[in-house]
Amino acid sequence: IFDEIVKINTLDYKLYQGIQQTIINALDQADYVRIRGMGENQTDLKVKLHKLKNPETETNFENCVADVNIPVGEVFTSPQLAGTEGILHVTRVFLGELEYQNLKIAFRDGMMTEYSCTNFDEEEKNRKYIKDNVMFHHESLPLGEFAIGTNTVAYMAAKKYGIVDKLPILIAEKMGPHFAVGDTCYSWSEDTKVYNPNGKEIVARDNSVSILRKTDLASAYFQCHTDITIPYEEIAEICVVTADRKKIVLLKDGRFVLKGTEVLNEPFEEM
């Protein structure tokens, strides 16, 4: 296990930087991204992205390698809330040190509207468990982040040794697509310009809630940000849908299918 963790934390960030830029190039064409689960996973979620005013110099997604966020392995954005809707479902997930069985969250215009799990026999206990430990007693939370994790090495190590519940969030969030409820990744620093290695500015730093900091600071932040990761094996498809309804498939049946990302599938074959 020690050797695996060292390997995870010393992967070639230049390799991942290039692969992730390929993913971002596809994502930056999106009007929205649709995520669908397979098997028992009931996820069917449409994530609306900000419209880029100048795609030559702007991007929605941060190319996250190992310069400030170890280990390598994700591209992430702050989605547009209006138009983000559907169901997020994970059959089993650990958030902090707590396990959630069949965690299901419904979104409308980017805000949580319904939530449930099956940890307890009584539905009221399930709702209280989520409200206390995921929502931190707020009535609702926005979808503050949408990301695609690319660290399949970490994912397979976790499966091989049965340690998914023991991995810190900075590794766990890289092990599949993930969705954070609460504040955005740029909370309290949205006005600071951020750039990818290719020089493009990441402009999706705000949403319609966080921008309230300019007029109503008390309503802009929730002081929480909880990442919920869907395992690759529960993903039927992640698909970019452009404004003219062209589709670009990124993942299908738990595997990366976008040209230029195939190397990410190699760890799946090694176990």
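Quick caveat: nothing in here was measured; it's all calculated off a predicted structure. Per-chain numbering applies: the sequence of each chain, read as written, is numbered from 1 onward. Residues qualify for local features only when their pLDDT is at least 70, as the model is predicted, and side-chain atom pairs are given and counted only at 80 or more; totals for whole chains, interfaces and linings, by contrast, use all residues. To get the side-chain values, take all heavy atoms of the structure and skip hydrogens and water.

## Concerning the sheet that holds strand S14 (residues 247-252)
Threshold: In this description, strands pair whenever DSSP reports at least two bridges between them. Counting from the N terminus, the helices are the DSSP runs of H or I reaching at least four residues and the strands are the DSSP runs of E reaching at least two.
If you trace the eight strands from one edge of the open sheet to the other, you get S8-S7-S6-S2-S1-S13-S14-S15, paired in antiparallel fashion. Two strands close off the open sheet at either side, each with one partner strand: strand S8 (111-116) and strand S15 (255-256). Across five bridges, strand S13 (residues 235-242) lies against S14 in antiparallel orientation. In the strand pairing of S14, Cys239 is matched with Val249.

## Side note on the layout of surface pockets
For the record, the criterion: Grid points spaced at 1 Å over the protein atoms alone were grouped into cavities, where a 1.4 Å probe fits but cannot get out, and pockets, open sets with protein on both sides within 12 Å along at least five of seven lines, with lining residues defined by an atom within 4 Å of a point. Grid points are joined across faces, edges and corners, and a volume is the space filled by probe spheres set on the points. We call Asp, Glu, Lys and Arg charged. Ala, Val, Leu, Ile, Met, Phe, Trp, Tyr, Cys and Pro are nonpolar, and the rest, Gly among them, are polar.
If you add up the space inside the largest pocket, you get close to 580 Å³. Within the residue set of the lining of the largest pocket, elements represented by two or more residues are strand S6 (85-95), helix H4 (152-161), helix H5 (169-172) and strand S12 (225-229). Residues belonging to the lining of the largest pocket are distributed by class as follows: 15 nonpolar, six polar and six charged. Roughly 330 Å³ of volume is contained in the second largest pocket. Along the walls of the second largest pocket sit 18 residues, with Lys7, Val153, Glu266, Pro267 and Glu270 positioned nearest its centre. Listed by contribution, the elements that provide at least two residues to the lining of the second largest pocket are helix H1 (2-9), helix H2 (13-27), H4 and helix H6 (266-270). In terms of residue class, the lining of the second largest pocket is made up of 11 nonpolar, one polar and six charged.

## Description of the pattern of salt bridges
The test is simple: When a carboxyl oxygen of Asp or Glu is within 4 Å of a side-chain nitrogen of Lys or Arg, the pair counts as a salt bridge.
Enumeration over the complete set of coordinates arrives at 18 salt bridges. For Lys128, the salt bridge identified is with Asp132, shortest N-O distance 2.6 Å. One end of the pair, Lys128, and the other, Asp132, are both in helix H3 (residues 123-133), four residues apart, so they sit about a helical turn from each other. The closest approach of N and O atoms between Glu139 and Lys131, which form a salt bridge, is 2.7 Å. Among the charged side chains, a network of salt bridges with common partners joins Glu190, Asp191, Asp206, Arg213 and Lys214.

## Observations regarding the packing of aromatic side chains
Here is the rule we go by: Between rings of Phe, Tyr and Trp, where Trp is taken as its six-membered ring, a pair exists when centres lie within 6.5 Å; planes separated by under 30 degrees are stacked, by over 60 edge-to-face, and by other angles tilted. Here the term buried applies to any residue with accessible area under 20% of the maximum for its type, exposed to any over 50%, and partly exposed to those in between, with areas from a 1.4 Å probe on protein chains only. Note on geometry: a ring has a charge over it if NZ (lysine) or CZ (arginine) is within 6 Å of the ring centre and within 35 degrees of the ring normal.
Scanning the model with the defined rule gives 10 aromatic pairs in all. An angle of 40° between the planes, with centres 4.8 Å apart, marks the rings of Tyr100 and Tyr129 as tilted. In this pair, Tyr100 is assigned in strand S7 (residues 98-108) and Tyr129 in helix H3, connecting sequence segments 29 residues apart. As far as burial versus exposure is concerned, Tyr100 and Tyr129 are alike and both buried. According to the relative accessible area criterion, Tyr129 is buried, its value standing at 14%. Aromatic ring contacts, followed pair by pair, group Tyr155, Tyr232, Phe256 and Phe268 into a single cluster. Positioned over the ring face of Tyr32 is Lys46, at 4.7 Å from the centre of the ring. The ring of Phe268 carries Arg255 above its face, with NZ or CZ at 3.9 Å from the centroid.

Nothing here speaks to function; it is all geometry.
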